[in-house]
Amino acid sequence: MAAAALRGLWDLAGGDASMLDLAVLTGDAGLPSSFRIGTVAQAAIAAAGLAAAAIWQAKTGRRQTVTADARQAALEFRSERYLRVGGVGPASLWDEIAGLYRAGDGRHVRLHTNFPHHRQAILDLLGCAPTRDAVQAALGSWSASAFEEAAMEAGGVVAALRTAEEWAGHDQAQALATLPVLTIERIGDAAPRPLPAGDRPLSGMRVLDLTRIIAGPVAGRTLAAHGADVMLISAPGLPFIDWLAKDTGRGKLSAYADLRTEAGRATLGRLLDTADVFIDGFRPGATAARGFAPAEAARRRPGIVYVSLSAYGHLGPWAGRRGFDSLVQTASGFNHAEGAAAGLDGPKELPCQALDHAAGYLMAFGAMMARLRQAREGGSWLVRASLAQTGRWIWQQGRQPGGFAIAEPSPAEIEAALETSASPFGEVRAIRHAARLSATPARWERPTVPLGADAPSWP
């Protein structure tokens, strides 16, 4: 299954078919689920590793194998869960009023309230106290679909629970139905830019990482694992989730550039002038409104590879809608299907943020394949990914009957998958990268650091 999924991704990106012979896929166990989480994780992570190997071959003429184990890959899809800093694990990653509720029409809605402004928008709309009981009581006067729309209009982030069939009939799903999981398109002319020399596949590659939460940051973390100089751009006061930032910050520089200010935009522009890759994971339109849309970035930096992430895709009535993995799972049928497969009288989440993690590795894969094409053909390139398209790809891998009989990872398995490093926060124990390259092993040379710890200049 994973080999077929990998082949599909490789063909989609125009990869050299002979490179597939270098992929070694081991194991078949994923996580307890009716969905093939091991297959998805193994294929996505192997695709990114194989792209790094393709760049290495283009630079040096040397080939290397890329090994990915299904169980290790599935563990990496839960990397935030297994992170330990100073021997301490994560507190809850969720706000106390986040999660599923039953609306007045008997249908479920899911609230995402981890960011203060999203949380306040929900409380203002409901006019209730910030407790689960109060939220549940206030939702009794709403239908699920009406609350979904009203909350989004008010600046909240909500999804109504749908079955797979209901989602398939939705205008947004139909708008995405003909799109592949990832699109790579040429958006401008530029001379080919040689791949920089170095002892790792992505040595000398400069990546601007304008992302938060999981999917986009995982893309940047993956590029850093293969040697890229990745600079995470944030701003003072911008909400973030500390634990996720520590997990996905491994290998990155971290600088401030407040795009709400002229000085911040000038700083980002200077960084863009010598960048290779620009990753945009903010709400659709937000970065463009600050002057850094794909076309504008390509005009300023001909040859740029621009990677754009959205929740629900770049086409359709929900193209501009905010969203997170848990909400797309809810809206697109995953939670209903997982609950039904588990024999529950209600929805059930996937055993990890699979849409986020898969999208992150696919973004890194797309960025590398586009950079390889730039070196050969020239041009500026746009890579598009979305959580909804990634979810559709996960559905396409099929279901696994009896999948809930797969055992949860044992403490010994988790321990064997961890590595130790130093950081300003203390000792970090974190999941190793699951793609093992025989000649250029993946590693993070820089420790995770506090946001804004570095100067906004390339090393």
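These numbers come from a predicted model, not from an experiment.

Asks: Describe the overall build of the protein chain, naming the residues involved and giving the relevant values.
Replies: Looking only at helices and strands, the protein chain features 19 helices and 16 strands. Taking 2.2 N^0.38 as the reference for a compact globule, 459 residues should give roughly 23 Å; the C-alpha atoms of the protein chain span a radius of gyration of 21 Å, in line with that estimate. Counting every position in the protein chain, which comprises 459 residues, the buried fraction comes to 58%. Sequence separation of 24 or more characterises 78% of the internal contacts of the protein chain that already satisfy a separation of 6 or more. Of the accessible surface of the protein chain, which amounts to about 16800 Å², a share of 52% is contributed by carbon and sulfur atoms. For the protein chain, the separation between the mean place of its 46 positive charges and that of its 44 negative charges on side chains is 4 Å.

Asks: Describe the packing of aromatic side chains, and please don't skip the residues or the numbers.
Replies: Scanning all chains against the criterion turns up twelve aromatic pairs. On the basis of an interplanar angle of 50 degrees and a centroid distance of 6.4 Å, the ring pair of W167 and Y312 is categorised as tilted. Placement of W167 in helix 8 (residues 164-168) and of Y312 in the loop between strand 12 (305-310) and helix 15 (325-331) is noted, with a sequence separation of 145 residues between them. For the ring pair F334 and W395, a centre distance of 5.2 Å and an interplane angle of 45 degrees mean the geometry is tilted. One end of the pair, F334, is in helix 16 (residues 334-341); the other, W395, is in helix 18 (residues 387-396), and 61 residues separate them in sequence. Here W395 falls in the partly exposed class, since its relative accessible area comes to 25%. The ring of W444 has R250 sitting right over it, with the charged end atom 4.6 Å from the ring centre.

Asks: Describe in detail the side chain of D356, supporting the description with residues and values.
Replies: In this fold, D356 is placed in helix 17 (residues 354-377). Despite its burial, D356 pairs with no opposite charge, the nearest such side chain being R221 at 11 Å. Among residues more than four places away in sequence, those in contact with D356 are I214, A215, D325 and L387.

Asks: For the environment of A417, give the residues involved together with the corresponding values.
Replies: Checked against the element boundaries, A417 lands in the loop between helix 19 (411-416) and strand 14 (418-421). On the basis of relative accessible area, A417 is assigned to the buried category, the value being 1%. Taking the C-alpha atoms as reference, A417 lies 35 Å from L161; in sequence the two are 256 residues apart. Excluding anything up to four places from it in sequence, A417 contacts Q72, L75, A430, I431 and R432.

Asks: Please set out the pairing of strand 15 (residues 428-431) residue by residue, giving values where relevant.
Replies: Direction of pairing for strand 3 (residues 84-85) relative to strand 15: antiparallel, over a ladder of two bridges. Within strand 15, the position partnered with V85 by the bridge is V428. Of the pairings in the sheet, the one linking strand 14 to strand 15 comprises four bridges and is antiparallel in character. If you follow S421 over to strand 15, its bridge partner there is V428. The antiparallel pairing of strand 14 with strand 15 creates a hairpin that spans six residues between the two strands, and G426 there sits at a positive phi of about 120 degrees.

Asks: So what's going on with the nonpolar core? Which residues, and what values?
Replies: Formed by 97 residues in total, the largest nonpolar core has its most connected members in W10, F77, L223, Y312, F365, M368 and W393. Broken down by element, this core gets its largest block of residues, 15 residues, from helix 2 (residues 37-60). In this structure, M368 is in contact with A48, A51, A52, I55, L202 and L223, ignoring residues within four places of it in sequence. Grouped together as the second largest cluster of nonpolar side chains are 21 residues, A275, A297, I304 and L382 included.

Asks: So what about the side chain of S332? Which residues, and what values?
Replies: Relative to the elements of secondary structure, S332 occurs in the loop between helix 15 and helix 16. According to the relative accessible area criterion, S332 is buried, its value standing at 7%. Within polar-contact distance, the side chain of S332 engages the backbone oxygen of V328 at 2.5 Å. The residues contacting S332, other than those within four sequence positions of it, are A164, W167 and W395.

Asks: Describe the pattern of salt bridges, listing the residues and the values that go with them.
Replies: Counted under the stated rule, the structure contains 23 salt bridges. E415 serves as the salt-bridge partner of R429, at 2.2 Å between the closest nitrogen and oxygen. Highlighted residues: R429 in strand 15 and E415 in helix 19, separated in sequence by 14 residues. Judged by relative accessible area, which is 18%, R429 ranks as buried. Judged by relative accessible area, which is 45%, E415 ranks as partly exposed.

Asks: Describe the packing of helix 17 against helix 18, listing the residues and the values that go with them.
Replies: Where helix 17 contacts helix 18, the axes come no closer than 9 Å and their chain directions differ by 100 degrees. Between helix 17 and helix 18, the interaxial angle falls into the category roughly perpendicular. Residues A354, L355, D356, A358, A359 and L362 of helix 17 form the contact with helix 18, whose own contacting residues are L387, T390, G391, W393 and I394. Of the residues assigned to the contact of helix 17 with helix 18, the class counts are eight nonpolar, two polar and one charged.

Asks: Summarise the pairing of strand 10 (residues 252-256); cite the residues concerned and give the values.
Replies: Strand 10 sits mainly inside the fold: four of its five residues count as buried. Relative to strand 10, strand 9 (residues 229-234) runs parallel, the two sharing five bridges. Bridge pairing links I233 to A255 in strand 10.

Cut-offs and rules
Residues numbered from 1 in each chain as written. Predicted model: local features only at pLDDT ≥ 70, side-chain atom pairs only at ≥ 80, totals over all residues. Heavy atoms only, no water. Helix = DSSP H or I, 4+ residues; strand = E, 2+ residues; numbered from the N terminus. Rg over C-alpha atoms; globule rule 2.2 N^0.38 Å. Buried < 20%, exposed > 50% of the residue type's maximum accessible area, 1.4 Å probe, protein only. Contact = heavy atoms within 4.5 Å. Areas by Shrake-Rupley, 256 points an atom, 1.4 Å probe, with all protein chains shown as cover. Lys, Arg positive; Asp, Glu negative; His and termini not counted. Charge placed at Lys NZ, Arg CZ, Asp CG, Glu CD. Phe/Tyr/Trp six-rings, centres within 6.5 Å; stacked < 30°, edge-to-face > 60°. Lys NZ or Arg CZ within 6 Å of the ring centre and 35° of its normal. Salt bridge = Lys/Arg side-chain N within 4 Å of Asp/Glu carboxyl O. Pairing = 2+ DSSP bridges. Core = buried A, V, L, I, M, F, W, Y, C linked by side-chain atoms within 4.5 Å. Polar contact = N/O pair within 3.5 Å; in protein donor to acceptor, adjacent residues only side chain to side chain. Axes fitted to C-alpha atoms, helices over the stretch in contact; angles between N-to-C directions. Parallel < 35°, antiparallel > 145°, perpendicular 65-115°, else oblique. Nonpolar A, V, L, I, M, F, W, Y, C, P; charged D, E, K, R; others polar.

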